[in-house]
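# Examination of the molecular architecture
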Amino acid sequence: MQRYDVIILGGGLVGLTLAVALERHGVRSAIVDPAAPARVPAQSFDGRTSAISSASWRQFEAIGIAPRLAGKTCPIDRIWVSEGLTGGALDFAPDPDDGAMGFMVENRELRAAIEATADAANIVRFQPDRAVETVRDAHGVRVRLESGAEIGASLLVGAEGRGSPTRAAAGITVAKWDYPHTALVTAIEHDDPHGNTAYEIFYPGGPFALLPMLPGNRSAIVWTVPTKHAAAYLKLGEHAWLAEAEKRMGNFLGRIRLAAPMQSYPLGYHRAARIIDERLALVGDAAHGIHPIAGQGVNLGYRDVAALTQVVVEGMRTGMEPGDAQLLARYQRWRALDALSVTIMMDGLVRLFDVPGRPVSAIRRLGLSAVQKLGPLKDRFMAEARGESGSRPKLLLGDLV
C-alpha cells in the first residue's frame, strides 16, 4: 500500500490548489480524480472565468501559482453596484496603494497554471481513477481505487464538488435550495475600454454582471435570468441576444459583440451541516455553494485551502497527525463562522434584490446611496469583496505557514 499524509478526492481548482499548498509545506498528498487529464490545453476561450479575490491572489503568490498567470489576468480596480442604470449606486474604488480588489482570469488559463504548478511539485495523481472502497478509522484512511491500487493516509479530503459522494457516505446533512434563476455565461467585446471596472447591475429578474478581462475591450458576462425564461434567451439569435444585453448596459461600453459561446447554469445554495468527520475534511463546493452574485464561490474554497493547510502544517510540526480529531475540530471552528456569514449574506442579497415593486426598489436605492456615504460600512463590504474579513490564515496574507 502506498502511503501519503493526505488523500484528496477530487482534482478540480480547489482540490488541486490544496495539494499544491500542502506540498509547498512538505506535506505529501495524492489526488484521486475521475476526470481524464487534458492532454492538450483548450485552444479557444469558452466563456468561463473566475474572479480571484485579492486575498486568494496572495495565496497564489505564496504557493507559486501566481507567476504562471503573469500577463493572463485583468485586475479589478473598481466595482460599481447599482439598482438598474439610474438608481442608487455603490462605487468601490479603493486607494491605489491598496492594490487591486481582485483579478479576472479565464478558467482554462487558471486550470493550466494550477496544473503546471502541481506537475512541477511532482504531486501524485491517480487520474482517471476513483475510490471504490474507503475505510476511515482510528488507525487512518485506506482507499481502494477502481484501478486496483490501494493507498493510505492520515487524512481524507472531500473536494468532489456539490454532489460529493464522500460527504454523503459520511452521513453529513446538507441545507440546500434552488433559486428560480439561471445564469447565462459568456463574454463580449466592446468599443470602449472597461477601465478595469466590474459592474453589478440589479434588475427585477436578476443581476447583470460585467467583469473586466484582457484585453481592455473584453468583459465576461454573468447574466441571471428567471429560469422560466432561460430557454428563450438561449434560443435568441446573436443580434437579438446582443440587443437584449445592450438594454441592460445602457450602451456605456459602446457597441458590443459576442466573444465566446453561451453557457447556462442553474443556481442554488447549499451548506454542509459540518465540514469534518473522523479523519475527513470537506473543502470547496463539497462544503458550501452559493449564488455567483458577488463572485465569492470559488474564493470560499480557497479560504478553506488556506485554513486547512495551516491547521495541518502547524499540527504536524508539534508531532500530530494530519487527521487528528483536535486539528479537524480547529478547522471546523475556523471555517464555520466565515462560511456561514458569507453564504447568509449572499443569499440575503439575492432575496433582497429579487423582491419586485417600486416601493421596494426605492428602498434599495436609498440603501445603496446610504452605504456609499457611510465609510465604515462601505469599508466592510469592500473587505468582504477582497476576502479580507475575519481571522485570516497566513496564506491569505501572502505568508507561508
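What you are looking at is a predicted structure, and each value in this text was computed from that prediction instead of being measured. (Residues numbered from 1 in each chain as written. Predicted model: local features only at pLDDT ≥ 70, side-chain atom pairs only at ≥ 80, totals over all residues. Heavy atoms only, no water.)

### Let's talk about the environment of Asp338
- Residue position: Asp338 is located in helix H8 (residues 325-353).
- Accessibility expressed as a relative area gives 15% for Asp338, which makes it buried.
- Placed 53 residues apart in sequence, Asp338 and Ser391 show a C-alpha to C-alpha distance of 8.6 Å. (Helix = DSSP H or I, 4+ residues; strand = E, 2+ residues; numbered from the N terminus. Buried < 20%, exposed > 50% of the residue type's maximum accessible area, 1.4 Å probe, protein only.)

### Remarks on the sheet that holds strand E12 (residues 150-153)
- The strand order across the open sheet built from 4 strands is E1-E12-E11-E10, with neighbouring strands paired in mixed fashion. Edge strands, defined here as strands with exactly one partner in the open sheet, are strand E1 (2-3) and strand E10 (131-137).
- Two elements, strand E11 (residues 140-145) and E12, share 4 bridges in a ladder whose sense is antiparallel. Bridging from a neighbouring strand, Arg142 pairs with Gly152 of E12. (Pairing = 2+ DSSP bridges.)

### Description of the packing of aromatic side chains
- Applying the stated criterion across every chain yields a total of 8 aromatic pairs.
- Ring geometry for Phe60 and Tyr302: centres 5.1 Å apart, planes at 70 degrees, overall edge-to-face. Of the two residues, Phe60 is situated in helix H2 (residues 54-63) and Tyr302 in helix H7 (residues 297-317); the sequence distance between them amounts to 242 residues. Both residues of the pair, Phe60 and Tyr302, count as buried.
- Put simply, the rings of Trp57, Phe60, Phe103 and Tyr302 pair up and form one aromatic cluster.
- Above the ring of Phe45, the side-chain terminus of Arg218 is found at 4.7 Å from the ring centroid. (Phe/Tyr/Trp six-rings, centres within 6.5 Å; stacked < 30°, edge-to-face > 60°. Lys NZ or Arg CZ within 6 Å of the ring centre and 35° of its normal.)

### Let's talk about unusual backbone geometry
- With an omega of -5 degrees, the peptide bond between Gln127 and Pro128 qualifies as cis.
- You can see Pro128 is positioned in the loop between strand E9 (124-126) and E10.
- A positive phi angle, near 60 degrees, is found at Asn196, a position not held by glycine.
- Looking at the element boundaries, Asn196 is found in the loop between strand E14 (174-190) and strand E15 (197-203).
- Phi is positive for Asn251, close to 65 degrees, though the residue is something other than glycine.
- With respect to the secondary-structure elements, Asn251 resides in the loop between helix H6 (238-249) and strand E18 (256-258).

### Looking at the pairing of E10
- Sheet analysis places E10 next to E11, joined by 6 bridges and oriented antiparallel. By the bridge assignment, Glu133 is partnered in E11 with Arg144.

### Some details on the sheet that holds strand E4 (residues 49-53)
- Pairing is antiparallel across the open sheet formed by 3 strands, whose spatial order is E4-E8-E5. Two strands close off the open sheet at either side, each with one partner strand: E4 and strand E5 (74-76). The sheet shows a mean angle of 30 degrees between the axes of neighbouring strands, direction not considered.
- Where E5 lies against strand E8 (residues 102-106), 3 bridges are found, and the strand directions are antiparallel. Paired with Ile76 across the strands is Gly102, a residue of E8. (Axes fitted to C-alpha atoms, helices over the stretch in contact; angles between N-to-C directions.)

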